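What follows is each chain in one-letter form.
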Amino acid sequence: MTRHTPPRPVDVATLFPELAPFRREAVRLHPRAGEPSYRENSLGGPLMWPAEEAWPVCADAEAHVDLGDGVPGGPRTPLVPVLQVHRADAPGIPFPAGRDLLQVLWCPFDHDPQYCPSPVVHWRTAETVGEVRATPPAPAGAVASYLPAPCVLHPERVTEYPDADLPRELRAALRDRFDGLEEETGLEYEDDLASAPGTKLGGYPGWTQAPQWPGCDGCGRPMEHLLTVASWEYDGLWSSWIPVEDRSVAESGREDFRDERSLSVRAPAGLMLGDAGGVHLFECRACPDRPVAHRFDCS
């Protein structure tokens with residue numbers, strides 16, 4: 001089943017033309033529990049990983065932090081699959097030349113200094129992959145909430161405007177008009193019109209705290225947002241961003257936050273990154289090797 005975000009109830013660029021220069025396109029991934037194959041887009045599913053390549057292990061094992069769950073994994077800790085997306089299903093996302101498959105893995109332990117999983121990014125060409133390596137089991141003692149349950153993806157391109165990334169001066173200038181819109185229609189700019197929640201490619205990071213955009217260690221330029229992996233696909237009991245196809249299921253969560261049917265929409269992968277936060281991945285597209293950095297962000 002495809003997923004469709006309801007159209008925004010108002011035209012943001014018409015109401016607030018000052019925001020037009022900040023418009024960005026994102027790809028909501030809409031993970032839902034399933035049994036993806038290694039050939040398919042997935043969150044927490046098997047990867048199209050070549051048998052001739054060694055399975056990646058944590059390169060930062062010395063930074064593992066024991067938060068009371070026992071001794072963290074050792075120096076040969078295998079990474080776990082997080083995301084696989086084909087370029088054809090990620091419109092507008094700039095893949096490196098000659099590459100058409102994005103793969104993200106992470107080490108499912110807390111790492112100093114951010115106290116979160118440590119992700120890595122791989123770009124490859126799908127047609128060059130022959131025999132596929134089986135996914136190894138998750139390392140013993142891994143943080144359970146860092147192990148995404150297998151999900152199929154339903155990519156959808158959406159338009160975003162900045163929320164936390166809206167310049168302070170512009171936010172102040174628009175505040176009265178934002179408030180007027182809310183009084184008139186009940187729509188909140190930050191929650192209903194700005195950036196989409198959940199796991200997504202491109203667009204704006206789903207910050208819960210102040211933005212923490214990294215700079216590239218190589219060239220010094222600000223890095224670009226590549227991916228947000230979120231604990232929840234929407235916050236709280238309800239959201240205007242819930243896809244049309246899932247609204248009847250999500251509706252049951254309005255009465256009971258723990259309702260299993262609504263959790264299948266709100267938290268399909270069973271992740272809990274901090275206090276319902278997320279891991280944001282950034283890359284430098286100006287450098288040939290496209291270095292990656294990440295930021296952890298939670299309530």
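Quick note: structure is the one above.
This write-up is about the structure you can find in this document. (Residues numbered from 1 in each chain as written. Predicted model: local features only at pLDDT ≥ 70, side-chain atom pairs only at ≥ 80, totals over all residues. Heavy atoms only, no water.)

This part is about the overall build of the chain. A count of helices and strands for the chain gives five helices and twelve strands. For the chain, whose C-alpha radius of gyration is 19 Å, the value lies close to the compact-globule estimate of 19 Å for 299 residues. Along the first, second and third principal axes, the C-alpha atoms of the chain reach 60 × 45 × 40 Å. Looking at the chain as a whole, 51% of its 299 residues qualify as buried. Long-range pairs, those at least 24 residues apart, make up 74% of the contacts in the chain between residues at least 6 apart in sequence. By element, 51% of the accessible surface of the chain is carried by carbon and sulfur atoms, the whole surface being about 13,900 Å². (Helix = DSSP H or I, 4+ residues; strand = E, 2+ residues; numbered from the N terminus. Rg over C-alpha atoms; globule rule 2.2 N^0.38 Å. Buried < 20%, exposed > 50% of the residue type's maximum accessible area, 1.4 Å probe, protein only. Contact = heavy atoms within 4.5 Å. Areas by Shrake-Rupley, 256 points an atom, 1.4 Å probe, with all protein chains shown as cover.)

This part covers the layout of surface pockets. In this structure, the largest pocket encloses a volume near 650 Å³. Looking at the largest pocket, it is lined by 33 residues, and the ones nearest its centre are Pro197, Gly206, Trp207, Thr208 and Asp235. Contributing elements (two or more residues each) for the lining of the largest pocket: helix 3 (189-193), strand 10 (224-230) and strand 11 (278-283). Here the lining of the largest pocket takes three residues from helix 3, the largest share from any one element. Its residues placed into classes, the lining of the largest pocket shows twelve nonpolar, 13 polar and eight charged. (1 Å grid on protein atoms, 1.4 Å probe; cavity = no way out; pocket = protein on both sides within 12 Å on 5 of 7 lines; lining within 4 Å. Points joined across faces, edges and corners; volume = space filled by probe spheres on them. Nonpolar A, V, L, I, M, F, W, Y, C, P; charged D, E, K, R; others polar.)

Our next topic: the sheet that holds strand 5 (residues 101-111). On the basis of which strands lie adjacent, the open sheet formed by six strands has the order 2-7-3-4-5-6 and antiparallel pairing. Edge positions in the sheet fall to strand 2 (32-33) and strand 6 (116-124), since each has one partner strand and no second. Pairing of strand 3 (residues 42-43) with strand 4 (residues 80-86) involves two bridges; the strand directions are antiparallel. Pairing of Ser42 across the sheet is with Gln84, part of strand 4. (Pairing = 2+ DSSP bridges.)

Here Asp165 is to be found in the loop between strand 8 (156-160) and helix 2 (168-185). Buried within the structure, Asp165 lacks any salt-bridge partner; its nearest side chain of opposite charge belongs to Arg24, at an N-O separation of 6.2 Å. Of note is the side chain of Asp165, whose polar atom sits 3.0 Å from the side chain of Trp207. Those residues in contact with Asp165 that sit more than four places away from it in its chain are Tyr204, Pro205, Trp207, Pro211 and Trp213. (Lys, Arg positive; Asp, Glu negative; His and termini not counted. Salt bridge = Lys/Arg side-chain N within 4 Å of Asp/Glu carboxyl O. Polar contact = N/O pair within 3.5 Å; in protein donor to acceptor, adjacent residues only side chain to side chain.)

Tallied over the entire structure, the rule returns twelve salt bridges. Salt-bridge contacts for Arg23 lead to Glu25; the nearest nitrogen and oxygen are separated by 3.1 Å. Given a relative accessible area of 29%, Glu25 falls into the partly exposed group. One salt bridge connects Glu25 with Arg157, and the closest N-O pair in it is separated by 3.8 Å. Of this pair, Glu25 sits in strand 1 (residues 24-28) while Arg157 sits in strand 8; the two residues are 132 residues apart in sequence, bridging distant segments of the chain. Of the residues examined, Arg157 reaches a relative accessible area of 46% and is grouped as partly exposed. Residues joined by salt bridges that share partners form a network here, namely Arg171, Arg175, Asp179 and Glu190.

Looking now at helix 2. Taking 1.5 Å of rise per residue, 18 residues should cover 26 Å, and helix 2 covers 24 Å from first to last C-alpha, within 8% of that figure. Roughly 50 degrees is the biggest bend found in helix 2, and it falls at Leu174. Those residues of helix 2 lying buried are Leu170, Arg171, Leu174, Phe178 and Leu181. Next to the buried residues of helix 2 lie helix 1 (12-15) and helix 3. Gly186 occupies a position one or two residues after helix 2 and carries a positive phi of about 85 degrees. (Expected span 1.5 Å × (residues − 1). Bend = angle between axes of the 7 residues up to and from the residue.)

Take the environment of Gly218 next. Summarising the element assignment, Gly218 is placed in the loop between strand 9 (200-202) and strand 10. Spatially, the C-alpha atoms of Gly218 and Arg290 are 9.9 Å apart, while their sequence positions differ by 72 residues.

Leu29, Leu83, Leu102, Val104, Trp106, Leu201 and Leu227 are the most contacted members of the largest nonpolar core, which totals 30 residues. Elements that contribute at least two residues to this core include exactly strand 4, strand 5, strand 6, strand 10 and strand 11. Looking at this core, the element that brings in the most residues is strand 4, giving four residues. Beyond its immediate sequence surroundings of up to four residues, Leu227 is in contact with Leu29, Leu83, Val104, Thr199, Lys200, Leu201, Val279, His280 and Leu281. (Core = buried A, V, L, I, M, F, W, Y, C linked by side-chain atoms within 4.5 Å.)

With that settled, consider the sheet that holds strand 9. Spatial ordering of the open sheet is given by 8-1-9-10-11-12, a layout of six strands whose pairing is antiparallel. In this open sheet, the two edge strands, each paired with only one partner strand, are strand 8 and strand 12 (292-297). Ignoring which end each strand starts from, the neighbouring axes of this sheet average 25 degrees apart. Across six bridges, strand 10 lies against strand 11 in antiparallel orientation. (Axes fitted to C-alpha atoms, helices over the stretch in contact; angles between N-to-C directions.)

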